[in-house]
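Here's the letter readout for the chains.
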Amino acid sequence: GGSSGIGLATAEKFLKEKWRVVISSKNLENLNKAKKFLKEKTNNIEIYSVQCDISNRDEVNSCINKIITEIGQIDIGLLNAAAYSPNKTQEFNISNYEVLIDVNLKGTIYCIEALKTIMEKNKNGHIAIISSPVGYRGLPTAGAYGLTKAGLINLAESLFFDFKKDNIKISV
């Protein structure tokens, strides 16, 4: 999720620090706009973009491999792509849960899987997962979103111990 919000702001900060940055998004138009904005705002040409739908496991693996072969090693993976769809009617809607679980939870897991494979080989890396305070406490209309964010918090805290042996830092 590098075309807006937290992902875009973080990319801008890293580029100003002279890092090489790859942003991704499912939406190609937003991705191209973000890349142009970042180039103009930071004067850093080390900004790359890759279109990726993280809810598709094969596409995630393909995108990670493309980054490695065409751009270079991944030292830090910042995973912040998210879908948010508040249930304004407060009716239980399973399709809303499925969409948010596919993007926010499964998509992040697919990214972790692909990044871990690369980082294991390098015996180094950092996977940072962006969650939300709603992951700690339920809020009205945010059942599906809160569920996925709570899952990410728990996942990161659990994987911290599992990944430590491979010198891969994981944080939330």
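Remember, it's a predicted structure, so these values are computed and weren't measured experimentally.

Draft legend 1. Representation of the pairing of strand S1 (residues 21-25) within the structure. Residues Val-21, Ile-23 and Ser-25 point to one face of S1 and are all buried, whereas Val-22 and Ser-24, pointing to the other face, are not buried. Where S1 lies against strand S2 (residues 47-51), 5 bridges are found, and the strand directions are parallel. Within the sheet, the bridge partner assigned to Val-22 lies in S2 and is Tyr-48. For the crossover from S1 across helix H2 (residues 28-42) to S2, the handedness is right-handed.

Draft legend 2. Seen up close, the nonpolar core. Among the nonpolar cores identified, the biggest contains 35 residues, and Val-60, Ile-112, Ile-127 and Ile-129 are the most heavily contacted of them. Counting only elements with at least two residues in this core, the list comes to helix H3 (57-70), helix H4 (94-122), strand S4 (125-129), helix H5 (143-164) and strand S5 (168-171). Per-element tally for this core: the top contributor is H4, with 11 residues. Excluding anything up to four places from it in sequence, Ile-129 contacts Leu-79, Thr-108, Ile-112, Leu-152, Ala-156, Ile-170, Ser-171 and Val-172. One finds Ala-11, Val-21, Ile-23 and Leu-38 within the second-largest nonpolar core, a separate group that totals 9 residues.

Draft legend 3. Quick look at the packing of H3 against H4. The geometry of H3 relative to H4 is characterised by a closest axis approach of 9 Å and an angle of 35° between their N-to-C directions. When the axes of H3 and H4 are compared, the crossing they make is right-handed. Residue-level contacts link Arg-57, Val-60, Asn-61, Ile-64, Asn-65 and Ile-68 of H3 to Tyr-110, Cys-111, Glu-113, Ala-114, Leu-115 and Ile-118 of H4. For the contact of H3 with H4, the residue count by class is 8 nonpolar, 2 polar and 2 charged.

Draft legend 4. View of the side chain of Asn-44. Its place among the elements puts Asn-44 in the loop between H2 and S2. A distance of 2.6 Å separates a polar atom in the side chain of Asn-44 from the backbone nitrogen of Glu-46. Non-local contacts of Asn-44, meaning those with residues more than four positions away in its chain, are made with Leu-15, Lys-18, Trp-19 and Lys-39.

Draft legend 5. Summary view of unusual backbone geometry. Located in the positive-phi region is Lys-18, a residue other than glycine, with phi close to 75°. As for its placement among the helices and strands, Lys-18 is situated in the loop between helix H1 (5-16) and S1.

Cut-off values and rules
- Residues numbered from 1 in each chain as written.
- Predicted model: local features only at pLDDT ≥ 70, side-chain atom pairs only at ≥ 80, totals over all residues.
- Heavy atoms only, no water.
- Buried < 20%, exposed > 50% of the residue type's maximum accessible area, 1.4 Å probe, protein only.
- Helix = DSSP H or I, 4+ residues; strand = E, 2+ residues; numbered from the N terminus.
- Pairing = 2+ DSSP bridges.
- Right-handed = clockwise from strand over helix to strand, strands pointing away.
- Core = buried A, V, L, I, M, F, W, Y, C linked by side-chain atoms within 4.5 Å.
- Contact = heavy atoms within 4.5 Å.
- Axes fitted to C-alpha atoms, helices over the stretch in contact; angles between N-to-C directions.
- Left-handed = near helix turned anticlockwise from the far one by under 90°.
- Nonpolar A, V, L, I, M, F, W, Y, C, P; charged D, E, K, R; others polar.
- Polar contact = N/O pair within 3.5 Å; in protein donor to acceptor, adjacent residues only side chain to side chain.

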